[in-house]
Amino acid sequence: MDVSGDGGVVKNVIKEGDGATATVGQTVNVHYSGVVEGDEEEFDNSREMGYPFTFEVGAGKVIRAWDLVLPTMAVGEICEIVV
């Protein structure tokens, strides 16, 4: 799914969620792993740190892709975000 409208941020759903969707201004807790496309080497992982990452959706305090994708996700959803 092209979330940005220009192909710059693409969301690939791995597992559908079954809960509510996030809204702009809402504080969310997410688990993530960061991987460099091409070499598949993981450079960051919230589960290994032992706690989820917390931020306000749409506040511009995280990478643009997260602000765009989170409002399209349902609680429990797992997706790959390609930037």
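What you see is a predicted model; the values in this text were computed from it and never measured.

Visitor: Break down a negative patch on the surface for me, with residues and values.
Guide: A contiguous patch of negative charge on the surface is contributed by Glu-37, Asp-39, Glu-40, Glu-41 and Glu-80. For Glu-37, a relative accessible area of 62% gives the class exposed.

Visitor: Pulling in residues and values, what's your account of the nonpolar core?
Guide: In terms of nonpolar packing, the biggest core is built from 15 residues, with Val-28, Val-30, Phe-55, Val-57, Trp-66, Val-69 and Leu-70 touching the most fellow members. At the level of secondary structure, the elements contributing two or more residues to this core comprise β2 (27-30) and α2 (64-69). When residues of this core are assigned to their parent elements, the largest contribution, three residues, is made by α2. With near-sequence residues (within four places) excluded, Val-69 lies in contact with Val-3, Val-9, Lys-11, Cys-79 and Ile-81.

Visitor: An account of the environment of Arg-47 is requested, with residue identities and associated values reported.
Guide: If you trace the backbone, Arg-47 turns up in helix α1 (residues 46-49). Accessibility expressed as a relative area gives 59% for Arg-47, which makes it exposed. The spacing of Arg-47 and His-31 is 16 residues in sequence and 6.4 Å in space, taken between C-alpha atoms.

Visitor: Go over the pattern of salt bridges, please, and point to the residues and values.
Guide: If the charged atoms of two oppositely charged side chains come close together, the side chains can form a pair. Scanning all chains against the criterion turns up one salt bridge. A salt bridge links Lys-11 to Glu-77; the shortest N-O distance between them is 2.9 Å. With Lys-11 in strand β1 (residues 10-15) and Glu-77 in the loop between α2 and β6 (78-82), this residue pair connects regions lying 66 residues apart in the sequence. Neither Lys-11 nor Glu-77 differs from the other in exposure class; each is buried.

Visitor: Please provide a residue-by-residue account of the confidence of the model for the chain, values included.
Guide: Per-chain confidence: the chain averages 94 in pLDDT, with 100% of residues scoring 70 or above. Taking the mean pLDDT of every element in the chain, the minimum, 93, falls on strand β4 (residues 42-45) and the maximum, 97, on β1.

Calculation rules
- Residue indices begin from 1 for each chain and proceed along its sequence in written order.
- pLDDT decides what is reported in this predicted model: residues at 70 or higher carry local features, side-chain atom pairs at 80 or more are listed and counted, and totals for whole chains, interfaces and linings draw on all residues regardless.
- Side-chain descriptors were evaluated using all non-hydrogen atoms of the structure, hydrogens and water having been removed beforehand.
- Only residues whose relative accessible area exceeds 30% and that form no salt bridge are eligible for patches; like-charged ones are grouped when within 9 Å, while nonpolar side chains (Val, Leu, Ile, Met, Phe, Trp, Tyr) are grouped when within 5 Å.
- With residues, only the protein chains shown are counted as cover, and all accessible areas are computed by Shrake-Rupley using a 1.4 Å probe.
- Any carboxyl oxygen of Asp or Glu within 4 Å of a side-chain nitrogen of Lys or Arg constitutes a salt bridge here.
- Only four residue types enter the tally: Lys and Arg on the positive side, Asp and Glu on the negative side; His and the chain ends are excluded.
- For this purpose, a charge sits on NZ of Lys, CZ of Arg, CG of Asp or CD of Glu.
- Each residue gets one of three labels from its accessible area relative to the maximum for its type: buried under 20%, exposed over 50%, partly exposed in between, using a 1.4 Å probe on protein chains only.
- Throughout, nonpolar core names a set of buried Ala, Val, Leu, Ile, Met, Phe, Trp, Tyr and Cys residues whose side chains join them through atoms within 4.5 Å.
- Each helix corresponds to a stretch of at least 4 residues labelled H or I by DSSP, and each strand to a stretch of at least 2 residues labelled E; elements are numbered beginning at the N terminus.
- By definition, residues are in contact when any of their heavy atoms lie within 4.5 Å.
- Confidence of the predictor in every single residue is expressed as pLDDT, which spans 0 to 100.

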